[in-house]
Amino acid sequence: MIEAMDHEIGRLLSQVDNENTIVIFIGDNGTPNNVSEYYPRGHGKASMYEGGVRVPMVIAGGAVGRAGEVEDALVQAADIHATILELMGFDLEGGINNSLSLRALLDQPTELPREMIYTDYDDDGLLVWATRTSQYKLIEDENGNQEFYDVQADLQEQDNLMGDLTAEQQVVMLELEAEAAVIRSGWSCRDGIRNGDEMAIDDCSIVLSIGEDRRPNQVRVWPNPSSGTISIQIDDHLNHQVRLFSVDGRLVREEHGVGLIQM
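A short tour of the structure in this document, coming up.

What counts, and where the lines are drawn
Residues numbered from 1 in each chain as written. Predicted model: local features only at pLDDT ≥ 70, side-chain atom pairs only at ≥ 80, totals over all residues. Heavy atoms only, no water. Helix = DSSP H or I, 4+ residues; strand = E, 2+ residues; numbered from the N terminus. Buried < 20%, exposed > 50% of the residue type's maximum accessible area, 1.4 Å probe, protein only. Areas by Shrake-Rupley, 256 points an atom, 1.4 Å probe, with all protein chains shown as cover. Pairing = 2+ DSSP bridges. Axes fitted to C-alpha atoms, helices over the stretch in contact; angles between N-to-C directions. Contact = heavy atoms within 4.5 Å. Phe/Tyr/Trp six-rings, centres within 6.5 Å; stacked < 30°, edge-to-face > 60°. Lys NZ or Arg CZ within 6 Å of the ring centre and 35° of its normal. Polar contact = N/O pair within 3.5 Å; in protein donor to acceptor, adjacent residues only side chain to side chain.

## Notes on the overall build of the protein chain
Then, in step 1: Along its length, the protein chain carries five helices and 12 strands.
Then, in step 2: Expressed as a percentage of its 263 residues, the buried residues of the protein chain come to 30%.
Then, in step 3: Of the roughly 16700 Å² of accessible surface on the protein chain, a fraction of 48% belongs to carbon and sulfur atoms.

See below:
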């Protein structure tokens, strides 16, 4: 099958204008479990493990200056949309609606403005999702089950670190958990893309929503967790309470009725 596909794709490419054509070849969603020889059983197609979501993608053509090179950046199938638009001359300011243009990667190695990547799957009515960085990966489902892996050291995802995380891993896990919650309910604020109603890339202004009874709703501050200074400006007429918690859940600071809060 591989030999036949290679021959026919070669025959196709020999008949097109290579300088004015971009060919994008991408695999389907994962390797079937009955033919997977590397990943453990159940870690293939229809799973959130790497055997179910890691697929090959090859981009070739006149606009590709990095022929024969391998790129390790976090990319996803949705990025094809923004990549094609930018190749056609559209100015996307990095991307559009969860699709990050890979145009810059075609010419030279560069660092994408993407720290995390997200995917999900409806497994017979149970929603399962995975969020990962270049090193760590969090798998969750809507029943609250979680798994955490170091995919650099454990690509087969056999050593679930959940329950025995270092302080660094705990911070990453919480960031992945928060990012997944944001993506499932709206637009990411840290993906390098101008999404939805954003006025600029990652425009994440905090908006306080007031209900009919004039009581403020709970709001989240992003990034969360954060190691930097957090400044919150609140209108003086609003009745508010601000609490700051450490990564391990301890209440560090609490403020009431203060217009400008810096933590």
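## What about the sheet that holds strand β8 (residues 146–150)?
Then, in step 1: Pairing within the open sheet is antiparallel, and its four strands lie in the order β5-β6-β7-β8. At either end of the open sheet lies a strand with only one pairing partner, and these are β5 (117–123) and β8. Within this sheet the neighbouring strands show an average axis-to-axis angle of 15°, counted without direction.
Then, in step 2: Note that strand β6 (residues 126–132) and strand β7 (residues 136–141) share five bridges and pair antiparallel. Within β7, the position partnered with R132 by the bridge is K137.
Then, in step 3: Those strands touched by helix α5 (residues 167–185) are β5, β6, β7 and β8, and its axis lies near 50° from that of β7.

## Focus: the pairing of β6
Then, in step 1: A large share of β6 lies buried, amounting to five of its seven residues.
Then, in step 2: Note that β5 and β6 share seven bridges and pair antiparallel. Bridging from a neighbouring strand, D120 pairs with W129 of β6.
Then, in step 3: The turn linking β5 back onto β6 is made up of two residues, and D124 within it adopts a positive phi angle of 50°.
Then, in step 4: Counted between consecutive antiparallel strands, the loop separating β6 from β7 contains three residues.

## Considering the side chain of T131
Then, in step 1: By secondary structure assignment, the location of T131 is in strand β6.
Then, in step 2: You can call T131 buried: its relative accessible area is 1%.
Then, in step 3: Among residues more than four places away in sequence, those in contact with T131 are M116, I117, Y118, Y136, K137, L138, L176, E179 and A180.

## A short note on unusual backbone geometry
Then, in step 1: Despite not being glycine, E93 shows a phi value in the positive range, around 55°.
Then, in step 2: Summarising the element assignment, E93 is placed in the loop between α3 (79–87) and β3 (95–96).
Then, in step 3: Even without a glycine there, the phi angle at D124 is positive, about 50°.
Then, in step 4: Here D124 shows up in the loop between β5 and β6.
Then, in step 5: On the basis of relative accessibility, which here comes to 80%, the residue D124 falls in the exposed class.

## Quick look at the packing of aromatic side chains
Then, in step 1: All chains considered together, the criterion is met by three aromatic pairs.
Then, in step 2: Ring geometry for Y38 and Y39: centres 4.9 Å apart, planes at 85°, overall edge-to-face.
Then, in step 3: For Y38, a relative accessible area of 45% translates into the label partly exposed.
Then, in step 4: Seen from their ring centres, Y49 and Y149 are 6.2 Å apart, and the 70° between their planes marks the pair as edge-to-face. With Y49 in the loop between β1 (22–26) and α2 (50–53) and Y149 in strand β8, this pair connects stretches of sequence that are 100 residues apart. The exposure classification of Y49 matches that of Y149, with both residues buried.
Then, in step 5: Here R184 stacks its cationic end above the ring of W129, 3.7 Å away from the centre of that ring.

## Notes on the side chain of R66
Then, in step 1: Within the fold, R66 resides in the loop between β2 (57–61) and α3.
Then, in step 2: R66 gets classed as buried once you look at its relative accessible area, which sits at 10%.
Then, in step 3: A polar side-chain atom of R66 sits 2.8 Å from a polar atom in the side chain of E71.
Then, in step 4: In this structure the side chain of R66 is engaged in a polar contact, spanning 3.0 Å, whose partner is the backbone oxygen of L105.
Then, in step 5: With sequence-adjacent residues up to four places away left out, R66 is seen in contact with E71, L105, L106, D107, Q108 and P109.

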